[in-house]
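Residue-level structure breakdown
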Amino acid sequence: MARKTPKKKKNHLSNNKKQTTPNPNSWPNHPHHLISLIKRQYRWKNITTFGCVTKSWISPSRQCTKNSQLPQLNWPQLVEIREKQRDSNQANAHPHILPTSIFNHWCLSYYYWRISFEEWCPGLYFKGRFRGRIVVMADNLSDLCLWEPARHSMRYLPPWDPNLDFKIAILTPSAEDPDNYNVMVLTGTNSPAFAFYRPGESVDRGWTVENCNIKEPYDPSQNMQFSNAIGFKGKFYALSLQGSVVVIEDIDSCFRITRIGADRAVPSKLSRQFREYLVELDGEILLVFLMSRKSIDVVEDVEVFRLDIAKLLWVKVESIGDRTLFLEDECCMWVTASKVGCKKNCIYFTHHRVDKWLIFDMESGHISPAFGSNTEIQESIMWGEAMEME
C-alpha cells in the first residue's frame, strides 16, 4: 500500500500572491505543429490513452520450477519498472500545465481556468484521459475531478483514500448513457485491484473498491494484478502484470471480469526491457511494444498487435495504412496521414521524457530521428501549411 500522505486543506489564492508548484510538465508533450493540429481539427478526440507501462524480465525461482504442481512457473516472469516521477500516488511527480492557445481555441478564458482549477488545486496531476476528458488529482492526493475542457465542464469524483495506491484512471462510455463515462482506477496491486465509479451516482457514495481473487495464468501462485488498461465501447480491457488480457463489464450494477484471453501479451522477440502502450486506433485496440534489447536506454525494435475482440487474441500487425501513431509517456494519439501531410504507416515515439522524437517506419522496419532530416523538416512545414488552410 502507498504511504499515507497528510491531507491538505483546500486553499484559496490571494490576488497578490499566486501559489505555484515548481517545474510543471507541459501536456501534451508533443511537437508544436501536432498541438496545432489537435486544437484546430481533431479537438482531442483521437487521444485515447494515458501512456505506457515499462516491464522487464526476471527468471523464476528454482524452488518454483521444482514444483511439479505448478509447471507454468517455468515461464519467465515480468516486473514493472517504475520511475520516481511515476510513483503510484505521484508524491514526487511534477504537475502539468496546458498551453494557453488550447484554452483560447476552446473559448476558455484565463479567468475561468484560474478560478476553477488553480484555486481548487495548485498542482494538477493528470491521472487518466480519454478523448476530450481528463481525470485530475489535486496536491492532497484525495480530491479528484473529471474535466471536459471542450464542454466547459468539470465534475467532482468521489474523494480518493490516500492510503490506497492509485496507478491510472480509465474511462469508457456508459452502456446506459453514452454521453457519460464509467471510471475505473487501477491500483497496480490485487487487494484492492480496482475501484469503480458510475456517472449519476452520488459522490458521497464513494468508490466501489474490489479485490481480484483470480489466479494469474502465467503465475498461478499469485492473484492477478493489473498494470495497464483501456476503455473501449462500454467495456474495460485490462492487461495484467504478466500479460494476461481480461474484459471487465458492468453487469447487474456490478463490475466483473467476464473473459480472460488465451494468449500472453508480450513481444515475440527477446528484449531486456520493453514499454507497452494500449491505444485505440480508428475503432480497434492496438498494443505497441517499444523494445530495448542490448541497452535499456535505446529502443531497437517496435512491434504492433491488434486485439481480436471476438477471440480475445493478439494478432501481429504489419501495417496501419494511412495512419500515424504518436506515443508519449503520458499521451498517445493517432492522425490520418493523408489529411495532415505527415508520413503514413509510421509510429512516432519518445524515450524517457527526453525532448527528442524518433520514428519507426512500419514498411521498412527502421528507426530514425524524427524531424531531423530534410524530408521530416519539409513534412513539418507541410503540417503548418495545412493548418493555415483549415
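Computed from a prediction, not measured in an experiment: that's the story for all the values here.

**Overview of the side chain of Thr54**
Inspection of the secondary structure assignment puts Thr54 in strand 3 (residues 52–58). Contacts of Thr54, omitting those with residues within four sequence positions, involve Val79, Glu80, Ile81, Gln273, Phe274 and Arg275.

**Focus: the pattern of salt bridges**
Proximity of charged atoms lets side chains of opposite charge pair with each other. For the coordinates displayed, the defined rule picks out 12 salt bridges. Across the pair Arg198 and Glu201 runs a salt bridge whose closest N-O atoms are separated by 3.2 Å. Judged by its relative accessible area of 14%, Glu201 falls in the buried class. Here Lys316 ties to Glu303 by a salt bridge, and the two come within 3.8 Å at their closest N and O atoms. In this pair, Lys316 sits in strand 23 (residues 313–316) while Glu303 sits in strand 22 (residues 301–308), placing the two residues 13 residues apart along the sequence.

**Re the packing of aromatic side chains**
All told, the structure shown has 14 aromatic pairs when counted by the stated rule. Look at Phe196 and Phe255: their rings are 4.2 Å apart centre to centre, the planes differ by 5 degrees, and that puts the pair in the stacked class. Residue Phe196 is located in strand 12 (residues 194–197), and its partner Phe255 is located in strand 19 (residues 254–260); the two are separated by 59 residues in the primary sequence. By relative accessible area, which is 1% here, Phe196 ends up buried. Residue Phe255 is classed as buried on the basis of its relative accessible area, which comes to 5%. Grouping aromatic residues by their ring pairs yields a cluster made of Phe194, Phe196, Phe226, Phe236 and Phe255.

**Let's talk about unusual backbone geometry**
Residue Pro192 follows Ser191 across a cis peptide bond; omega there is -5 degrees. As for its position among the elements, Pro192 is in the loop between strand 11 (181–186) and strand 12. Not every positive phi belongs to a glycine, and Ser253 is a case in point at roughly 65 degrees. If you trace the backbone, Ser253 turns up in the loop between strand 18 (245–251) and strand 19. Residue classification places Ser253 among the exposed residues on the basis of a relative accessible area of 59%. At Leu312, a residue that is not glycine, the phi angle is positive and equals roughly 55 degrees. Mapped onto the elements of the fold, Leu312 is located in the loop between strand 22 and strand 23. Looking at Leu312, the relative accessible area reads 1%, which means it is buried.

**Describing the sheet that holds strand 6 (residues 125–130)**
The strand order across the open sheet built from four strands is 6-7-8-9, with neighbouring strands paired in antiparallel fashion. Two strands in the sheet have a free side with no partner beyond their single neighbour: strand 6 and strand 9 (153–157). The mean angle between the axes of side-by-side strands here comes to 25 degrees, regardless of whether they run parallel or antiparallel. In the sheet, strand 6 pairs with strand 7 (residues 133–137) via five bridges, with the strands oriented antiparallel. Bridge pairing in strand 7 links Gly128 to Val135.

Rules used in this analysis
Residues numbered from 1 in each chain as written. Predicted model: local features only at pLDDT ≥ 70, side-chain atom pairs only at ≥ 80, totals over all residues. Heavy atoms only, no water. Helix = DSSP H or I, 4+ residues; strand = E, 2+ residues; numbered from the N terminus. Contact = heavy atoms within 4.5 Å. Salt bridge = Lys/Arg side-chain N within 4 Å of Asp/Glu carboxyl O. Buried < 20%, exposed > 50% of the residue type's maximum accessible area, 1.4 Å probe, protein only. Phe/Tyr/Trp six-rings, centres within 6.5 Å; stacked < 30°, edge-to-face > 60°. Pairing = 2+ DSSP bridges. Axes fitted to C-alpha atoms, helices over the stretch in contact; angles between N-to-C directions.

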